[in-house]
Amino acid sequence: MQQAIPYSKGAAWVRRSNDGRRPPVEPAAMAARCVASSGDIRRVVEENPVVVVGRRGCCMVHVVRRLLLGQGVNPTVCEVGEDADEAALIGELHPEMAAEGGDGGAHLRGQGMVLPAVFIGGRLVGGLDRLMAVHISGELVPILKQAGALWL
Amino acid sequence: MLQGPAGAFHVISSPNSMSSASAQFATSRRMGIYEPNHQISMWGDSFKADSSQNTGASTIVEADAKHDNRLGDIPRESSGPSKKYDQEAHKPADKVLRRLAQNREAARKSRLRKKAYVQQLESSRLKLSQLEQELERARQQGVYVGGHLGDSTLGLSGTVNSGVAAFEMEYGHWVEEQNRQTCELRTALQAHVSDIELRMLVESGMSHYDNLFRIKAIAAKSDVFYLMSGMWKTSAERFFLWIGGFRPSELLKVLSPQLDPLTEQQVVAVCNLQQSSQQAEDALSQGMDKLQQTLAETLTSDPLGASGVANYMGQMANAMGKLEALVSFVNQADHLRQQTLQQMYKILTTRQAARGLLALGDYFQRLRALSSLWAARPREPA
């Protein structure tokens, strides 16, 4: 499949390449790590500035990824099994991961974590809904910069 | 009987000219025959409530007038409104407001009567389609169906059908209300009402869009393919369809020139919003492409059927799971539309927001009118 970067962001993506820890890679070749437990996820979230946790084969993970790539970040994708229990995941991750903003946290604590979930700078931002809202309101780029995921 | 420029709205063989005035209210969109009069006369009602006309909408006003005359609908004085308009410009604002209130009341009563009739018609239609479904399924099974078999036999198709019919009904009401609000905004802006009153209108407008997204979410659970087909919209609107609705970035491009004058800060904010929306749309579109790809792969992994029936069933179950994702896509697209609207609301002043909502409502009205005109256009005999 044509992995086309949205035309409007072509130049910008090249300029703000990545966090420098890994060599620039084609998005298609970016290895998605397969994780077995939430302990693994916690480690990945702590070690990487931008992490997307999602079910294997979920197309929404793809949407989240494209959106973040369009901003100039290359997220680490953590796949969980298709039968993975969301409630168990939030139980493990919630005490450590403070939600970005009060209302996002309340939503997640009440209903369990929605997948795919986005973590920026080790903190849970939320699901695709939340990511969209944050992106449209113009808050996404500052959050990414603050987490060191974006330069300039 | 036809009035107005010869041939402009001449309909050769339309069911409308044969039917009585009341039958024109039946919606027949789903049967593929677009019913122009439902939209035009509906719009016409709202138009009559608004005696001071926006000259920008004059072409549509003319078209509407001709339709009304042709169908022998509520009689209107052709010279009345334009005379009133000249006088109104010199009258004090409170007399204007009182007359407008009277017009609104009369129009409101007319709308209520029409609403009751339409609801009656639509619930009959609902019942009829449910019975047809039942009959068809029983016929396929070779069973003679006598009488009403009860809720259990309506099954999946019955539920789906009623979900769709319910949505069509609610959407019809939604469009009527939007037309009414659009006229109210137009009147208010021309009468230069206070910001406080404008703010109330703007907030009604915003929550009205929230209502649309709410009913769409319910319909998506019922029949996402129906929603994505856009058959619930008029033909010209369908031309712009993207994941079950409009593209927010396109709407912004169309509407932002009408919001001038904007401060430099606002111009930048609107531009950024357009770009953000475009990026989000691209991400969703690419997600949809991926879904298509995975679905196709799921269905074609064993063309020779060598792996047996169980595998076939497994494939189908897998594919069914993939299709569920479509509901999420429609929901996310609507969420994006809602977020974009709300962000515009934050960027603009109350007055600008009122003009924006008016421009939006007017644009949709014109698209619907265009669809009607297109459906009614004279065609070469075969």
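- The name given to chain B in an unreviewed UniProt entry is Transcription factor TGA4 isoform X2, and the organism recorded there is Elaeis guineensis var. tenera.
- Per UniProt, chain B carries the Sequence similarities (unreviewed entry) text "Belongs to the bZIP family."
- Comment text from UniProt for chain B, heading Subcellular location (unreviewed entry), reads "Nucleus".

- Within an unreviewed UniProt entry, the label attached to chain A reads Monothiol glutaredoxin-S3-like, and the organism entered is Elaeis guineensis var. tenera.
- We quote the UniProt Subcellular location (unreviewed entry) comment for chain A here in full: "Cytoplasm".
- Taken verbatim from the UniProt record of chain A, the Sequence similarities (unreviewed entry) comment is "Belongs to the glutaredoxin family. CC-type subfamily."

## Section: the environment of Ser285 of chain B
Residue and element names in this part refer to chain B.
So, point 1. The topology assignment puts Ser285 in helix H11 (residues 264-299).
So, point 2. Between the alpha carbons of Ser285 and Ile243 there is a distance of 8.3 Å; along the sequence they are 42 residues apart.
So, point 3. Filtering out sequence-adjacent residues up to four positions away, Ser285 remains in contact with Trp242 and Arg247.

## Overview of the pairing of strand S5 (residues 123-126) of chain A
Looking down a regular strand, the side chains alternate between one sheet face and the other.
All names here are of chain A.
So, point 1. Two elements, strand S4 (residues 117-120) and S5, share 3 bridges in a ladder whose sense is antiparallel. By the bridge assignment for S5, Val118 is matched with Gly126.
So, point 2. Count of turn residues in the S4/S5 antiparallel hairpin: 2 residues, of which Gly121 carries a positive phi of about 60°.

## Considerations on the pairing of S4 of chain A
Residue and element names in this part refer to chain A.
So, point 1. Here S4 shows no split at all, with Ala117 and Phe119 on one side and Val118 and Ile120 on the other all buried.
So, point 2. As paired strands, strand S2 (residues 50-55) and S4 are joined by 4 bridges and run antiparallel to one another. Each bridged residue has a counterpart across the sheet, and for Val50 the counterpart in S4 is Ile120.

## What to know about the packing of aromatic side chains
All names here are of chain B.
So, point 1. Summed over all chains, the structure comprises 10 aromatic pairs over all chains.
So, point 2. Here Tyr171 and Trp174 contribute two aromatic rings whose centre-to-centre distance is 6.1 Å and whose plane-to-plane angle is 10°, an arrangement assigned as stacked. Pair noted here: Tyr171 and Trp174 are both in helix H6 (residues 155-190), with a separation of 3 residues, about one helical turn.
So, point 3. Owing to a relative accessible area of 5%, Tyr171 belongs among the buried residues under this scheme.
So, point 4. Relative to Phe364, the ring of Phe246 lies with its centre 4.8 Å away and its plane at 40°, an arrangement referred to as tilted. Placement of Phe246 in the loop between helix H9 (235-238) and helix H10 (248-255) and of Phe364 in helix H13 (residues 350-376) is noted, with a sequence separation of 118 residues between them.
So, point 5. On the basis of relative accessible area, Phe246 is assigned to the buried category, the value being 9%.
So, point 6. Residue classification places Phe364 among the buried positions, given a relative accessible area of 7%.
So, point 7. Here a set of aromatic residues connected by ring pairs shows up, and it is made of Phe167, Tyr171, Trp174, Tyr209, Tyr226 and Trp232.
So, point 8. The ring of Trp374 carries the charged tip of Arg377 above its face, separated from the ring centre by 3.6 Å.

## Focus on helix H6 (residues 128-136) of chain A
So, point 1. With 7 of 9 residues buried, H6 of chain A is to be regarded as a mostly interior element.
So, point 2. Those residues of H6 of chain A lying buried are Leu128, Leu131, Met132, Ala133, Val134, His135 and Ile136 of chain A.
So, point 3. At its buried positions, H6 of chain A is contacted by helix H3 (59-70), S4, S5 and helix H7 (140-146) of chain A together with H11 and helix H12 (309-347) of chain B.

## A look at the interface of chain A and chain B
So, point 1. With 21 residues of chain A in contact, the opposing surface of chain B contributes 27 residues.
So, point 2. A combined buried area of about 2100 Å² lies between chain A and chain B, and 64% of that area is made up of carbon and sulfur atoms.
So, point 3. At the boundary of chain A with chain B, the tally comes to 0 salt bridges.
So, point 4. Counting every contact that joins chain A to chain B gives 6 residue pairs in polar contact (both at pLDDT 80 or more).
So, point 5. The set of elements that each furnish at least two residues to the side of chain A that touches chain B consists of H3 and H6 of chain A.
So, point 6. If you tally residues by element for the side of chain A that touches chain B, the top one is H3 of chain A, at 7 residues.
So, point 7. Taken together, the residues of the side of chain A that touches chain B sort by class into 12 nonpolar, 6 polar and 3 charged.

The rules behind the values
Residues numbered from 1 in each chain as written. Chains lettered and ligands numbered in written order. Predicted model: local features only at pLDDT ≥ 70, side-chain atom pairs only at ≥ 80, totals over all residues. Heavy atoms only, no water. UniProt positions renumbered as here; feature names shortened; annotations may be inferred. Helix = DSSP H or I, 4+ residues; strand = E, 2+ residues; numbered from the N terminus. Contact = heavy atoms within 4.5 Å. Pairing = 2+ DSSP bridges. Buried < 20%, exposed > 50% of the residue type's maximum accessible area, 1.4 Å probe, protein only. Phe/Tyr/Trp six-rings, centres within 6.5 Å; stacked < 30°, edge-to-face > 60°. Lys NZ or Arg CZ within 6 Å of the ring centre and 35° of its normal. Buried area = accessible area lost by both parts, 1.4 Å probe. Salt bridge = Lys/Arg side-chain N within 4 Å of Asp/Glu carboxyl O. Polar contact = N/O pair within 3.5 Å; in protein donor to acceptor, adjacent residues only side chain to side chain. Nonpolar A, V, L, I, M, F, W, Y, C, P; charged D, E, K, R; others polar.

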